[in-house]
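So the chains spell out like this:
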Amino acid sequence: MQVGRPTGPLVQGYEVIIGFETHTQLTTQSKIFSRASTSFGAEPNTNASAVDFALPGALPVMNKGAVQRAIEFGLAVGAHIAESSVFARKNYFYPDLPKGYQISQFEIPVVQGGSVEFFLDGEKKAVRLVRAHLEEDAGKSLHEDFVGMSGIDLNRAGTPLLEIVTEPDMRSSAEAVAYAKELHKIVTWIGICDGNMQEGSFRCDANVSVRKPGAPLGTRREIKNLNSFRFMQQAIDFEVRWQIEQIEDGKAIEQATVLFDPDTGETRAMRTKEDAADYRYFPDPDLPPLVIGRDWVEKTRSEMSELPRVMAARFVADYGLPEYDAGQLTQGKATAAYFEAVADASKQPKLASNWVMGELSKRLNAEEKSIESSTVDAAQLASLIMRIADGTISNNAAKQVFDALWTGEGQDVDAVIEAKGLKQMNDSGELEKIIDDVLAANAKNVEEVKAGNAKAMNALVGQAMKATKGKANPAQVNELLKKKLG
């Protein structure tokens, strides 16, 4: 069996094949088949109803809000929304699964196909989706709080999930993490998931295998419940190395479910991996087919906010930004809105992009702030950029102004520029005199420039900028030097 995707970077002569299954907890107030609350952190078993406990005679009723969110996701990734989909019983025994089965979708999922696009190292990538199906979560076994026994908390049982399954399209751990981050951005942007990985709202399972280029697919092992992008990369990298070592030692890879231990940086087998047949799927007799009218889909489409990939395309078309910039600026709604405000006010979209992605992001990251908490607002940054564009200050001087705005030393851009004496020199006669003095004092550099030494030219520019205390326009200095040196 071949996979119609380009070969990625080889690891010790092997091609890495990765597919993802991501469980996104939907932002409904109640569970998928009951009215019990989905709030996090409640006392064990206080957010569970008769349906969640699977008491005799309790029947599931579909949560319309969960279906609405599935439709929104399907539209966001360009997928087909099935007119009719079917719920099935996925049978397996686990202590925190009170029914002895999980209600999920198998043969006919609600969301079919679609893709997720993202950039990795400046290169555009796309991962194809197989499906996204609705299902209920299980409860949770508690081992730490009891001696010699385990407790069961069914607060999570019945929590609505959308499981998003990809084709095996990823070829490195870096690509897998980039995909997961983009998916996380999409589901939080459209508001169907809060994206809280620590609370289990966004959990990824990575199916990893290796093969020699052109060979059939290798046997995959599934790394379960990756709830951190850093651990995700570490887990996949370890698993790839382990599988290659096994194969090189002449051992066969056995299909299995594994867990990643962040303390050791290793994966360990939890159980042999079941196939679909082992779950004995059959249609749930208590739930009729889920029928979604086209009018519902079109109404949802008309009410959805602009999607990140659509907004990114608009930034390219309207502002003339590179695709990479547009992708970075649409990582979140607040960042995109901030950039647009700066670009529209300053009429300098590329400079606005550079400052939002550069100096502003650097400060926010260093102080672990969100852009909503930025000390410098969009109007201030726009004013600063306008002063760069009209030649009032240099880029280096602008960083000093930004620093004053950030620390609260000043609030008004022009006032800070005046107070710090940062205006660029606009008197060409005075600048020419300074450059004449620099040339007279640096005869050796002058000779080297005339001999074609570019570094000597840079040295002269540096001397001129020093003589003007950084107030000269570097481009103007360059131009005057070239003119005088012929």
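Only a predicted model underlies this, so the values are computations on that prediction, with no experimental measurement involved. (Residues numbered from 1 in each chain as written. Predicted model: local features only at pLDDT ≥ 70, side-chain atom pairs only at ≥ 80, totals over all residues. Heavy atoms only, no water.)

(A) Region of interest: the nonpolar core. Counting 104 residues, the largest nonpolar core has F20, F73, L134, Y179, I236 and L381 as the members making the most contacts within it. Element by element, the count of residues in this core is highest for helix α3 (residues 173-189), at nine residues. In contact with Y179, other than residues within four places in its own chain, are F20, V116, F118, V127, L129, I164, T166 and M170. The next biggest cluster of nonpolar side chains, apart from the first, holds 19 residues, and it includes I435, A456, M465 and L481. (Core = buried A, V, L, I, M, F, W, Y, C linked by side-chain atoms within 4.5 Å. Buried < 20%, exposed > 50% of the residue type's maximum accessible area, 1.4 Å probe, protein only. Helix = DSSP H or I, 4+ residues; strand = E, 2+ residues; numbered from the N terminus. Contact = heavy atoms within 4.5 Å.)

(B) Structural detail: the sheet that holds strand β16 (residues 282-283). Sheet architecture is open: three strands sit in the order β5-β4-β16, paired in antiparallel fashion. Either end of the sheet is taken by a strand with one partner, and the two such strands are β5 (101-105) and β16. With five bridges connecting them, strand β4 (residues 87-91) and β5 associate as antiparallel partners. Opposite K90, over in β5, you have Q102 as the bridge partner. (Pairing = 2+ DSSP bridges.)

(C) Representation of the environment of I152 within the structure. As for its position among the elements, I152 is in strand β10 (residues 151-153). Residue class for I152 comes out partly exposed when judged on its relative accessible area of 29%. As for I152 and P44, which are separated by 108 residues in sequence, their C-alpha atoms are 8.0 Å apart. When neighbours within four sequence positions are excluded, I152 is seen to be in contact with N45, P95, D96, K140 and S141.

(D) Expanded view of the packing of helix α8 (residues 333-346) against helix α9 (residues 349-366). Closest axis-to-axis distance for the α8/α9 pair is 8 Å, and the angle between their directions is 135°. Taken as axis vectors, α8 and α9 run oblique relative to one another. Read as a crossing pair, α8 and α9 show a hand that is right-handed. Contact with α8, carried on its side by T335, Y338, F339, V342 and A343, involves P349, A352, S353, V356 and L360 of α9 and no other residues of that element. For the contact of α8 with α9, the class distribution of residues is eight nonpolar, two polar and no charged. (Axes fitted to C-alpha atoms, helices over the stretch in contact; angles between N-to-C directions. Parallel < 35°, antiparallel > 145°, perpendicular 65-115°, else oblique. Left-handed = near helix turned anticlockwise from the far one by under 90°. Nonpolar A, V, L, I, M, F, W, Y, C, P; charged D, E, K, R; others polar.)

(E) Layout of the environment of L329. Along the chain, the position of L329 falls in helix α7 (residues 323-329). Judged by relative accessible area, which is 0%, L329 ranks as buried. Distance in space between the C-alpha atoms of L329 and F339 is 7.2 Å, their sequence separation being 10 residues. Not counting the four nearest positions on each side in its chain, L329 is found in contact with F315, L321, T335, A336, F339, S353, V356 and M357.

(F) Focus on the side chain of T38. For T38, the position within the fold is in the loop between β1 (15-25) and α1 (50-53). Among the polar contacts listed, one links the side chain of T38 to the backbone oxygen of T28, at a separation of 2.7 Å. (Polar contact = N/O pair within 3.5 Å; in protein donor to acceptor, adjacent residues only side chain to side chain.)

(G) Inspection of the pairing of strand β8 (residues 123-136) at higher detail. One ladder, built from two bridges, connects strand β6 (residues 111-112) with β8; its direction is antiparallel. When the sheet's bridge partners are listed, V111 is paired in β8 with A132. The pairing of strand β7 (residues 115-120) with β8 spans six bridges and is antiparallel. Bridge assignment links L120 to a residue of β8, and that residue is E123. Of the strand pairs in this sheet, β8 and strand β11 (residues 160-166) are connected by seven bridges, and their pairing is antiparallel. Counted as the bridge partner of L134 is L162 from β11.

(H) Layout of the environment of R156. Within the secondary structure, R156 sits in the loop between β10 and β11. Classification of R156 as buried rests on a relative accessible area of 19%. As for R156 and L97, which are separated by 59 residues in sequence, their C-alpha atoms are 10 Å apart. With near-sequence residues (within four places) excluded, R156 lies in contact with Q25, K31, D137, A138, G139, E199, G200 and R203.

(I) Looking closely at the state of the cysteines. Under the defined criterion, the tally for this structure stands at zero disulfides. Not part of a disulfide, C193 finds its nearest cysteine sulfur in C204, a span of 10 Å. Looking at C193, the relative accessible area reads 3%, which means it is buried. (Disulfide = S-S within 2.5 Å.)

(J) Local environment of helix α12 (residues 413-420). Looking only at α12, the buried set comprises V413, V416 and I417. Down the axis of α12, the buried side of the element spans an arc of 100°, and every buried residue falls inside it. Of the exposed residues in α12, those oriented more than 90 degrees away from the buried face are E418 and A419. Contact partners of the buried residues in α12: α10 (378-389) and α11 (395-407). (Arc of directions from axis to C-beta.)

(K) Up close: the side chain of S34. The residue S34 is located in the loop between β1 and α1 in this model. For S34, a relative accessible area of 11% translates into the label buried. Among residues more than four places away in sequence, those in contact with S34 are S49, V51, D52 and V61.

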